[in-house]
Amino acid sequence: MQRRRTGQLTCTAIIVCLASSVAASPPPWTRTETREPCASFNTFRNPYFGETHVHTKYSADAAVAGTKDGPRGAYRFALGDPIGLPPFDAEGNPTRTVQLRRPLDFTAVTDHAEQFGETFICLADPAALSADELAGYESDGCTGVREAIAIGRTVVSPPPLPQPGIVNFLAAYLFPASPQRFVWCGDDGEVCLAPASTIWADIQAAAEEFYD
């Protein structure tokens, strides 16, 4: 009798667990945006070729490598327009260009959210910065990044070894067990978060402009 009761309890526990698992499962995917219907829609029958991992000047890693184009430049490149490559001359013009032989069917700008504001402050025109942002621009960290980028922009091949200024900037939020924002971001990080919000809004606006 005891053995039977134990078996009943075990079955009950399994049923409860399965029910909980089903209840926790996400609902079926549904479209939440309103768009005009596609002119040509043929599920699973048309092959498309594109890129789902694109970084622009808003990503720290791309910026320190010399990227100057933002999301709109990335989308225009995907559509077939040429794009400039570093190194750049004294006037900021690219010394090289590249162009796709065939435009892509789709592309996605996937900039790193980390260091949106920090990258902007370090590389922006100082005349356009607030007093708090200017303090960051003039910090040792930002100065080291700009000096390292200047070295890299004068070299085409072979690429230079990562400069200490770039390593310190990129690694600051990657390796510490409990990463902290740079001191010049302020106690609450607001100095860096404010431009980061503007950049995020611009990324969304660019995606909407090129949505087809």
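Since this is a predicted model, take the numbers as computed values, not measurements.

Novice: Help me understand the pairing of strand S3 (residues 94-98) in this model?
Specialist: Remember that side chains alternate between the two faces of the sheet whenever the strand is regular. Bridge analysis of strand S2 (residues 83-88) against S3 gives 4 bridges, and the strand direction is antiparallel. Note that in S3 the partner of Ile83 across the bridge is Val98. The turn linking S2 back onto S3 is made up of 5 residues, and Gly92 within it adopts a positive phi angle of 85 degrees.

Novice: Explanation requested: the nonpolar core in the structure shown.
Specialist: For soluble globular proteins, nonpolar side chains are generally found buried alongside one another. Counting residues in each nonpolar core, the largest one holds 19 residues, and the members touching the most others are Ile121, Phe169, Phe182 and Trp184. Every element with two or more residues in this core is listed here: helix H2 (60-64), helix H4 (116-123), helix H6 (140-152), helix H7 (164-171) and helix H8 (190-209). In terms of residue count, H6 provides more of this core than any other element does, 4 residues in total.

Novice: Looking at this structure, how should I read the state of the cysteines?
Specialist: Disulfide: a covalent bond connecting the sulfur atoms of a pair of cysteines. Scanning all chains against the criterion turns up 2 disulfides. Put simply, Cys122 and Cys142 are joined by a disulfide, and their sulfur atoms are 1.9 Å apart. Where Cys122 bonds to Cys142 through sulfur, the torsion about that S-S bond is close to -65 degrees, and the disulfide is left-handed. Here the residue Cys122 occupies a position in helix H4, and Cys142 occupies one in helix H6, the gap between them amounting to 20 residues.

Novice: Hey, could you run me through the packing of aromatic side chains in this one?
Specialist: The relation between two aromatic rings is expressed through the spacing of the ring centres and the mutual angle of the planes. Tallied over the entire structure, the rule returns 2 aromatic pairs. Here Phe182 and Trp184 contribute two aromatic rings whose centre-to-centre distance is 5.5 Å and whose plane-to-plane angle is 5 degrees, an arrangement assigned as stacked. You'll find Phe182 and Trp184 in the same group, each marked buried. The aromatic ring of Tyr211 is capped on one face by Arg35, whose charged end is 3.7 Å from the ring centroid.

Novice: Looking at this model, I keep getting lost on the pattern of salt bridges. Mind explaining?
Specialist: Side chains carrying opposite charge are able to pair once their charged atoms draw close together. Per the stated rule, a full pass over the model turns up 4 salt bridges. Salt-bridge contacts for Arg35 lead to Glu208; the nearest nitrogen and oxygen are separated by 2.9 Å. Here Arg35, found in the loop between helix H1 (2-24) and strand S1 (50-54), pairs with Glu208, found in helix H8; they are 173 residues apart in sequence, far enough to count as distant. Given the relative accessible area of 44%, Glu208 is considered partly exposed. Among the charged side chains, a network of salt bridges with common partners joins Arg72, Asp202 and Glu209.

Scoring rules and cut-offs
Residues numbered from 1 in each chain as written. Predicted model: local features only at pLDDT ≥ 70, side-chain atom pairs only at ≥ 80, totals over all residues. Heavy atoms only, no water. Pairing = 2+ DSSP bridges. Helix = DSSP H or I, 4+ residues; strand = E, 2+ residues; numbered from the N terminus. Core = buried A, V, L, I, M, F, W, Y, C linked by side-chain atoms within 4.5 Å. Buried < 20%, exposed > 50% of the residue type's maximum accessible area, 1.4 Å probe, protein only. Disulfide = S-S within 2.5 Å. Phe/Tyr/Trp six-rings, centres within 6.5 Å; stacked < 30°, edge-to-face > 60°. Lys NZ or Arg CZ within 6 Å of the ring centre and 35° of its normal. Salt bridge = Lys/Arg side-chain N within 4 Å of Asp/Glu carboxyl O.

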